[in-house]
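# Coordinate analysis (summary)
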Amino acid sequence: DDCQILKWTTSTREHVQVAKIADFQPTDFNWLIAKSSGGKSNENLLISSSDGRFIILNKGARVERSASAHSGAIISCRWSPDGSGLLTAGEDGVIKIFSRTGMLRSTVIQNEGLIVCARWSPSSTMIAYCHGNTIALKPLAANSKSIKWQAHDGLVLALSWSPNGEFLASAGEDSRYKIWDSQGTNIYTSAGDDFPITTLDFSPDGSML
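This report concerns the structure included in the present document.

### So, the nonpolar core
Counting residues in each nonpolar core, the largest one holds 15 residues, and the members touching the most others are C130, I135, L137, W149, L159 and L168. At the level of elements, β12 (126-131), β13 (134-139) and β15 (156-161) are the ones that each hand at least two residues to this core. Considering every element that reaches this core, the biggest residue donor is β15, with 4 residues. Setting aside anything within four residues of it in sequence, one finds L159 in contact with C117, R119, A128, Y129, C130, I135, L168, A169, S170 and L200. In this structure, L87, I97, A118 and Y129 belong to the second largest nonpolar core, which totals 12 residues.

### Concerning the packing of aromatic side chains
Summed over the entire model, instances satisfying the criterion amount to 3 aromatic pairs. Arranged with centres 4.9 Å apart and planes meeting at 65°, the rings of F54 and F98 form a pair that is edge-to-face. Here F54 is found in strand β5 (residues 53-58), whereas its partner F98 is found in strand β9 (residues 95-99), with 44 residues between them in sequence. For the pair F54 and F98, a shared accessibility class is recorded, and that class is buried.

### Notes on the layout of surface pockets
Space inside the largest pocket adds up to approximately 750 Å³. Roughly 530 Å³ of volume is contained in the second largest pocket. I5, L6, V18, F29 and L45 are, among the 22 residues lining the second largest pocket, the residues nearest its centre. Counting only elements with at least two residues in the lining of the second largest pocket, the list comes to β1 (4-8), β3 (26-35), β4 (41-49) and β5.

### Concerning the pattern of salt bridges
Scanning the entire structure with this criterion turns up 3 salt bridges. Residue D28 pairs with R78 through a salt bridge whose shortest N-O separation is 3.1 Å. A residue pair is termed long-range when its members are at least 10 positions apart, and D28 in strand β3 and R78 in strand β7 (residues 74-79) qualify at 50 residues. Accessibility assignment for this pair places D28 and R78 in one class, buried.

### Overview of a nonpolar patch on the surface
Residues F167, Y177, I187, Y188 and L209 make up a contiguous nonpolar surface patch of about 450 Å² in total accessible area. Mapped onto the fold, I187 is located in strand β18 (residues 186-189). According to the relative accessible area criterion, I187 is partly exposed, its value standing at 49%.

### Side note on the pairing of strand β2 (residues 15-20)
Examined bridge by bridge, β1 and β2 share 5 bridges and lie antiparallel to one another. In the sheet register, I5 faces β2, and the bridge partner there is A19. Hairpin connection from β1 to β2: 6 residues lie between these consecutive antiparallel strands, with R13 at a positive phi of about 65°.

### Remarks on unusual backbone geometry
Both trends apply: most residues other than glycine have a negative phi, and most peptide bonds are in trans. Here the phi dihedral of C3 falls at roughly 60°; this positive angle occurs in a residue that is not glycine. With respect to the element layout, C3 can be found in the segment before β1. Accessibility expressed as a relative area gives 14% for C3, which makes it buried. Its identity as a non-glycine residue notwithstanding, S175 has a phi of 70°, on the positive side.

Reading guide: rules and limits
Residues numbered from 1 in each chain as written. Predicted model: local features only at pLDDT ≥ 70, side-chain atom pairs only at ≥ 80, totals over all residues. Heavy atoms only, no water. Core = buried A, V, L, I, M, F, W, Y, C linked by side-chain atoms within 4.5 Å. Buried < 20%, exposed > 50% of the residue type's maximum accessible area, 1.4 Å probe, protein only. Helix = DSSP H or I, 4+ residues; strand = E, 2+ residues; numbered from the N terminus. Contact = heavy atoms within 4.5 Å. Phe/Tyr/Trp six-rings, centres within 6.5 Å; stacked < 30°, edge-to-face > 60°. 1 Å grid on protein atoms, 1.4 Å probe; cavity = no way out; pocket = protein on both sides within 12 Å on 5 of 7 lines; lining within 4 Å. Points joined across faces, edges and corners; volume = space filled by probe spheres on them. Salt bridge = Lys/Arg side-chain N within 4 Å of Asp/Glu carboxyl O. Patch = residues over 30% accessible without salt bridge, like charges linked within 9 Å, V, L, I, M, F, W, Y side chains within 5 Å. Areas by Shrake-Rupley, 256 points an atom, 1.4 Å probe, with all protein chains shown as cover. Pairing = 2+ DSSP bridges.

Have a look at this one:
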């Protein structure tokens, strides 16, 4: 809420201010770190806002791109795993794909109603997203059909792919998390927690959630 972006060192818990963005209320962000052919790291931070904009900050915290993408808040923004593009999803029920430099490539989903979360598959060939109590998988290949199923009792609030793309985890207002295979078959359902689960993520090696 203070519009600050802070970078933390996990071992010492020290932090530095990366940027302070005026008139920009962050709603989500995603950090892309890629190695160039020369071995240097190329860092880009994607940040979305409550007014439908997203910005891309480079390693020096300079704004490389600022774009108005949605009517209403962007709820979810993510770099593709291969770093070639990014997606945005919002309360206007639209999911868009942009190039790495922030130029619109396509509108892949529209008129779905509020989309709380959207995530690339590890192969960058599919997008999983949730709206209401359902989860949908949208392949990006031409003429491919989407898969959609009812997943939770109440809103689905979070999604995460396993690193190998075999499984998808979800969490929701029903205070449970679930594991699905890539075809939407339920593999595991947790016991109910005391409160709604708002976020979840697989560890990089896929062994923990």
